[in-house]
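Take a look at the letters that make up each chain.
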Amino acid sequence: MGQALGCVQVDQSNVAIKETFGKFDDVLEPGCHCLPWCFGSQIAGYLSLRVQQLDVRCETKTKDNVFVTVVASIQYRALAEKASDAFYRLSNTRAQIQAYVFDVIRASVPKLELDATFEQKNEIAKAVEEELEKAMSAYGYEIVQTLIVDIEPDEHVKRAMNEINAAARMRVAANEKAEAEKILQIKRAEGDAESKYLAGLGIARQRQAIVDGLRDSVLAFSTNVPGTTSKDVMDMVLVTQYFDTMKEIGASSKSSSVFIPHGPGAVKDVASQIREGLLQASTA
């Protein structure tokens, strides 16, 4: 209806291409415009000035012969001051951008190994953006931003990479576990050695205390009972301890059977052996 009356409306963020008898005449900004169709004026088409996005998936091969799929996201828009170039010079803008992206990615990625490709994806995106900027500016388009949003290796390669990482982590865990067990064994050995050392000191002190006690008892008995010798006192003490020992062995319900010679002669032999042992300990 508006064109029948010679008026046309251009929406916001769009421009209209005006032709007169099939020849480019003007670029119409958003708003209402008079378009006298009777003089050959018409709208050839509309061009959006909004930022558009194109996602490109490109399969290529790295330097170490791993096939990857690189996903690039291109954000672009038509320039209002070059609207005629953007409208007339390109018939398929998205296909043109895609072709340049393929060219740059397939020229850059084969120079890098797989790990380097992941590390240098920003450099790849920058190279794609620079190439697109030079090429598309001549056609009236501006490249707003270029992103490498994903790098997808082959599924078998991804599985192998995960297995390598898992094996490396298991190796580290095994080393840490072995080191912990080593420390525990060292500490356990040190504790055992310290325990045995302290037990030895305790036994030595106990035996020294027994020797000192017997010596004091013999001296005191010899002093208080005239006419007795140290040997007589020692024999009596040993006989007394012998009978105490026999009593404890018989009284204990958990004692094992012990076979020892018993009689006056046996008591004398036991006393002689104990006395010699105590004297040796005292001398040491």
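Residues numbered from 1 in each chain as written. Predicted model: local features only at pLDDT ≥ 70, side-chain atom pairs only at ≥ 80, totals over all residues. Heavy atoms only, no water.

An unreviewed UniProt entry lists the chain under the name Band 7 domain-containing protein, with Liquidambar formosana given as the organism.

This part covers the pairing of strand 1 (residues 7-10). Where burial is concerned, the two faces of strand 1 differ: the one with Val8 and Val10 is buried and the one with Cys7 and Gln9 is not. Of the pairings in the sheet, the one linking strand 1 to strand 4 (residues 31-34) comprises four bridges and is antiparallel in character. Opposite Cys7, over in strand 4, you have Cys34 as the bridge partner. (Buried < 20%, exposed > 50% of the residue type's maximum accessible area, 1.4 Å probe, protein only. Helix = DSSP H or I, 4+ residues; strand = E, 2+ residues; numbered from the N terminus. Pairing = 2+ DSSP bridges.)

Taken together, the side chains of Asp64, Glu113, Asp115 and Glu119 make up a negatively charged region of the molecular surface. Mapped onto the elements, Asp115 comes out in helix 3 (residues 114-119). (Patch = residues over 30% accessible without salt bridge, like charges linked within 9 Å, V, L, I, M, F, W, Y side chains within 5 Å. Areas by Shrake-Rupley, 256 points an atom, 1.4 Å probe, with all protein chains shown as cover. Salt bridge = Lys/Arg side-chain N within 4 Å of Asp/Glu carboxyl O. Lys, Arg positive; Asp, Glu negative; His and termini not counted. Charge placed at Lys NZ, Arg CZ, Asp CG, Glu CD.)

Between its first and last C-alpha atoms helix 2 (residues 93-108) spans 23 Å; for 16 residues at 1.5 Å apiece the expected length is 22 Å, and the two agree. Within helix 2 the residues assigned to the buried category are Thr93, Ile97, Val101, Val104 and Ile105. Mapping the buried residues of helix 2 onto a view down its axis gives an arc of 95 degrees, with all of them on the same face. Taken together, the buried residues of helix 2 touch strand 6 (52-61), strand 7 (67-78), helix 4 (121-136) and strand 8 (141-153). (Expected span 1.5 Å × (residues − 1). Arc of directions from axis to C-beta. Contact = heavy atoms within 4.5 Å.)

Over its 16 residues, helix 4 extends 22 Å from the first C-alpha to the last, a length consistent with the 22 Å expected when each residue adds 1.5 Å. The complete set of buried residues in helix 4 reads Ile124, Ala125, Val128, Leu132, Ala135 and Met136. Here the buried residues of helix 4 occupy an arc of 100 degrees about the axis, which is enough to place them on one side. In helix 4, the exposed positions angled more than 90 degrees off the buried face are occupied by Asn122, Lys126 and Lys134. Packed against the buried residues of helix 4 are strand 7, helix 2, helix 3 and strand 8.

In space, the three strands of this open sheet follow the order 6-7-8, with antiparallel pairing throughout. In the strand order of this sheet, the two ends are held by strand 6 and strand 8, each with one partner. Between one strand axis and the next, the sheet turns through 20 degrees on average, direction left out of account. One ladder, built from 11 bridges, connects strand 7 with strand 8; its direction is antiparallel. Its bridge partner lying in strand 8, Thr69 is registered against Glu152. (Axes fitted to C-alpha atoms, helices over the stretch in contact; angles between N-to-C directions.)

The antiparallel open sheet is built from three strands, whose spatial order is 3-2-5. In the strand order of this sheet, the two ends are held by strand 3 (23-28) and strand 5 (41-48), each with one partner. Within the sheet, the average angular offset between the axes of one strand and its neighbour, ignoring direction, is 30 degrees. Sheet analysis places strand 2 (residues 14-20) next to strand 5, joined by seven bridges and oriented antiparallel.

With the rule as written, the count across this model stands at six salt bridges. Here Lys18 and Asp25 are joined by a salt bridge, their closest N and O atoms 3.7 Å apart. Accessibility expressed as a relative area gives 38% for Asp25, which makes it partly exposed. Note that Lys134 and Glu131 form a salt bridge whose closest N and O atoms lie 3.8 Å from each other. One end of the pair, Lys134, and the other, Glu131, are both in helix 4, three residues apart, so they sit about a helical turn from each other. The exposure class of Lys134 is exposed, given its relative accessible area of 61%.

Here we come to the nonpolar core. Ile74, Ile97, Val101, Ile105, Leu132, Met136 and Tyr141 are the most contacted members of the largest nonpolar core, which totals 35 residues. Secondary-structure elements contributing two or more residues to this core are strand 2, strand 6, strand 7, helix 1 (83-88), helix 2, helix 3, helix 4 and strand 8. Top contributing element to this core by residue count: strand 7, with six residues. With residues near it in sequence (within four places) discarded, Val101 still touches Val56, Ala72, Ile74, Val128 and Leu132. The next biggest cluster of nonpolar side chains, apart from the first, holds six residues, and it includes Val8, Val10, Leu35 and Ile43. (Core = buried A, V, L, I, M, F, W, Y, C linked by side-chain atoms within 4.5 Å.)

Here we come to the packing of aromatic side chains. The full count for this structure, using the stated rule, is three aromatic pairs. On the numbers, 5.8 Å between centres and 80 degrees between planes, the contact of Phe24 with Tyr88 is edge-to-face. Placement of the pair is Phe24 in strand 3 and Tyr88 in helix 1, with a sequence separation of 64 residues. Judged by its relative accessible area of 37%, Tyr88 falls in the partly exposed class. Counting every residue linked through ring pairs, the aromatic cluster contains Phe24, Phe87 and Tyr88. Cation over ring: Arg106 sits above Phe102, and NZ or CZ is 4.8 Å from the ring centre. (Phe/Tyr/Trp six-rings, centres within 6.5 Å; stacked < 30°, edge-to-face > 60°. Lys NZ or Arg CZ within 6 Å of the ring centre and 35° of its normal.)

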